[in-house]
Amino acid sequence: MSPVWTVGAAVGAATVALKATGPVLFGGRELPPRLTGVVALLAPALLAALVAVQILGGDRQLVLDARLVGLAAAVAALALRAPILVVVSAAAMATALTRAAGF
Amino acid sequence: MGALAPVVMSATAFAGSAQFAAASVLATGGGALGAIGAAVLLNARYAPISLTVAPVLGGPLLSRLLQSQLIVDESWAVSQVGGGRVDRRLIVGAGLTLYVGWLGGTALGVVGAGVVGNPARFGLDAAFPALFLALLVAQLSSRQALVAAVLGATIALALVPFSSPGVPIIAAAAACLVGLRR
């Protein structure tokens with residue numbers, strides 16, 4: 001078996017197991033109340049972390065590049081209460097234009 | 001890396017960042033163990049994420065197992081209905097849509113690699129963070145949520161220079177522990 005297949009199979013199996021953790025152990029049941037309060041904050045914490053890392057993250061360093069302009073465009077679109085599709089398109093276009101301009 | 005392996009990995013792992021991580025470790029000459037380690041670390045966030053989905057995924061074990069595989073960042077993010085709850089129909093619908101697109105896209109990429117060039121040219125790498133930001137704003141309904149968001153982003157950014165990819169996001173999940181304080 002080539003390494004690509006080994007890696008693909010191992011990563012696939014691990015991902016299936018990780019995603020199944022909650023639903024297989026607690027499926028269809030309410031979480032304990034103390035856990036609910038914590039779990040409710042998982043979305044804001046992880047979403048903020050994803051935004052931060054995907055905008056500023058580089059190879060073991062923080063980078064300021066065209067993605068930041070895209071984020072600024074998204075913030076502006078959100079402030080104008082634009083629909084989500086417009087927010088996402090504005091970010092992509094602003095980033096693409098900044099890159100085309102050579103930054 | 002051949003044509004079939006990437007498609008099969010998309011069908012089973014269904015988690016973009018982990019696949020990219022594994023592929024890039026392999027492409028840069030890293031070993032199979034390094035590639036697996038990087039991908040598993042990146043996907044470790046699905047353990048806590050799947051906990052938040054558990055209450056709405058009932059039914060027989062097999063059906064729970066299958067439905068849980070539709071959890072990805074994007075389907076989970078768009079199905080948030082506030083208070084840490086998700087809508088089951090939204091997460092399953094979005095998950096299925098993404099799955100079909102992801103498999104089809106992987107196959108297209110295998111066939112057409114080189115035609116498109118670098119997707120960064122179209123600014124697509126800023127599209128998902130923009131989506132996540134829009135969904136985050138909708139989540140900031142309480143002071144605690146705001147604290148968790150700021151703390152999560154801070155933890156993640158602080159760890160980027162010192163850890164392998166994936167670790168910053170998992171560590172950021174710890175920010176939700178501010179919910180223990182009442």
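Residues numbered from 1 in each chain as written. Chains lettered and ligands numbered in written order. Predicted model: local features only at pLDDT ≥ 70, side-chain atom pairs only at ≥ 80, totals over all residues. Heavy atoms only, no water.

1. Describing the environment of Gly-37 of chain A
Residues and elements named next belong to chain A. Short version of the rule: Put simply, DSSP H or I for four residues or longer makes a helix, DSSP E for two residues or longer makes a strand, and each gets a number counted from the N terminus. Between buried and exposed lies partly exposed: a residue is buried under 20% and exposed over 50% of the maximum accessible area for its type, with that area taken using a 1.4 Å probe on protein chains only.
In this fold, Gly-37 is placed in helix 2 (residues 33-39). Exposure remark for Gly-37: the relative accessible area of 22% places this residue in the partly exposed category. It is 31 Å that separates the C-alpha atoms of Gly-37 and Leu-85, two residues lying 48 residues apart in sequence.

2. Quick word on the interface of chain B and chain A
What counts, and what does not: Contact definition: two residues touch when any of their heavy atoms are within 4.5 Å. Buried area counts how much accessible surface, traced with a 1.4 Å probe, disappears from two parts once they are put together, with both parts' losses summed. Criterion for a salt bridge: a side-chain nitrogen of Lys or Arg within 4 Å of a carboxyl oxygen of Asp or Glu. N or O atoms closer than or at 3.5 Å make up a polar contact, with two conditions inside protein: a donor-capable atom paired with an acceptor-capable one, and, for residues adjacent in sequence, both atoms drawn from side chains.
Listed as interface residues are 86 residues of chain B and, on the opposing side, 64 residues of chain A. Here chain B and chain A share an interface that buries about 6200 Å² over both sides, 78% of which is from carbon and sulfur atoms. Here Arg-99 of chain A ties to Asp-125 of chain B by a salt bridge, and the two come within 2.7 Å at their closest N and O atoms. Counting across the chain B and chain A interface gives 8 residue pairs in polar contact (both at pLDDT 80 or more).

3. So, the packing of helix 5 (residues 84-100) of chain A against helix 8 (residues 127-139) of chain B
Short version of the rule: In this analysis an axis means a line fitted to C-alpha atoms, helices contributing only their contacting stretch, and an angle means the value between N-to-C directions, from 0 to 180 degrees. For a crossing to be left-handed, the near helix must be turned anticlockwise from the far one by less than a right angle; the clockwise case is right-handed. The nonpolar class holds Ala, Val, Leu, Ile, Met, Phe, Trp, Tyr, Cys and Pro. Asp, Glu, Lys and Arg form the charged class, and all remaining residues, Gly among them, are polar.
Close contact between helix 5 of chain A and helix 8 of chain B brings their axes to 8 Å; oriented N to C, the two are set at 145°. Judged by the twist between their axes, the crossing of helix 5 of chain A over helix 8 of chain B is right-handed. Every residue of helix 8 of chain B that contacts helix 5 of chain A at Ile-84, Val-87, Val-88, Ala-91 and Ala-92 of chain A is listed here: Ala-127, Ala-130, Leu-131, Ala-134 and Leu-135 of chain B. Of the residues assigned to the contact of helix 5 of chain A with helix 8 of chain B, the class counts are 10 nonpolar, no polar and no charged.

4. Description of unusual backbone geometry
Working note: non-glycine residues mostly have negative phi, and peptide bonds are mostly trans. Residue and element names in this part refer to chain A. One non-glycine residue, Arg-60, lies in the positive phi region at around 55°. Within the secondary structure layout, Arg-60 lies in the loop between helix 3 (42-56) and helix 4 (66-79). What makes Arg-60 partly exposed here is its relative accessible area of 47%. For Arg-81, which is not glycine, the phi torsion reads 60° and is therefore positive. Within the element layout of this structure, Arg-81 appears in the loop between helix 4 and helix 5. Overall, Arg-81 belongs to the exposed group, its relative accessible area being 76%.

5. A look at the packing of helix 1 (residues 3-26) of chain A against helix 3 (residues 32-43) of chain B
Going by this rule: These descriptions rest on fixed angle ranges, namely under 35 degrees for roughly parallel, over 145 for roughly antiparallel, 65 to 115 for roughly perpendicular, and the rest for oblique.
It is at 9 Å that the axes of helix 1 of chain A and helix 3 of chain B come closest, and there the two elements cross at 25°. Considered as vectors, helix 1 of chain A and helix 3 of chain B are oriented roughly parallel to each other. Where helix 1 of chain A crosses over helix 3 of chain B, the handedness of that crossing is right-handed. The segment helix 1 of chain A lies against helix 3 of chain B, with Pro-3, Val-7, Ala-10, Val-11, Ala-14, Thr-15 and Leu-18 of chain A engaging Ala-32, Ala-35, Ile-36, Ala-39, Val-40 and Asn-43 of chain B.

6. Structural notes on the confidence of the model for chain A
Detailed conclusions should not be drawn from predicted coordinates in areas where pLDDT is low. Threshold: Per residue, pLDDT measures the predictor's confidence, with a range of 0 to 100.
In the predicted model, chain A carries a mean pLDDT of 89, and the fraction of residues at 70 or more is 99%. Element-level mean pLDDT values for chain A span from 79 in helix 2 of chain A up to 97 in helix 4 of chain A.

7. So, the nonpolar core
Which entries qualify depends on this criterion: Take the buried residues of types Ala, Val, Leu, Ile, Met, Phe, Trp, Tyr and Cys, join any two whose side-chain atoms come within 4.5 Å, and each joined set is a nonpolar core.
Counting residues in each nonpolar core, the largest one holds 55 residues, and the members touching the most others are Leu-46 of chain A together with Val-53, Ile-71 and Trp-76 of chain B. Looking at this core, the element that brings in the most residues is helix 3 of chain A, giving 12 residues. Apart from residues lying up to four places away in sequence, Val-53 of chain B is in contact with Ile-71, Trp-76, Val-86 and Ile-91 of chain B. The next biggest cluster of nonpolar side chains, apart from the first, holds 9 residues, and it includes Val-11 of chain A together with Met-9, Ile-36 and Ala-39 of chain B.

8. A look at the side chain of Thr-52 of chain B
Note on placement: Thr-52 of chain B falls in helix 4 (residues 46-53). Residue classification places Thr-52 of chain B among the buried positions, given a relative accessible area of 4%. A polar contact of 2.9 Å, which involves the side chain of Thr-52 of chain B, links it to the side chain of Trp-76 of chain B. Apart from residues no more than four positions distant in its own chain, Thr-52 of chain B is found in contact with Val-39 and Leu-42 of chain A together with Trp-76, Gly-84 and Val-86 of chain B.

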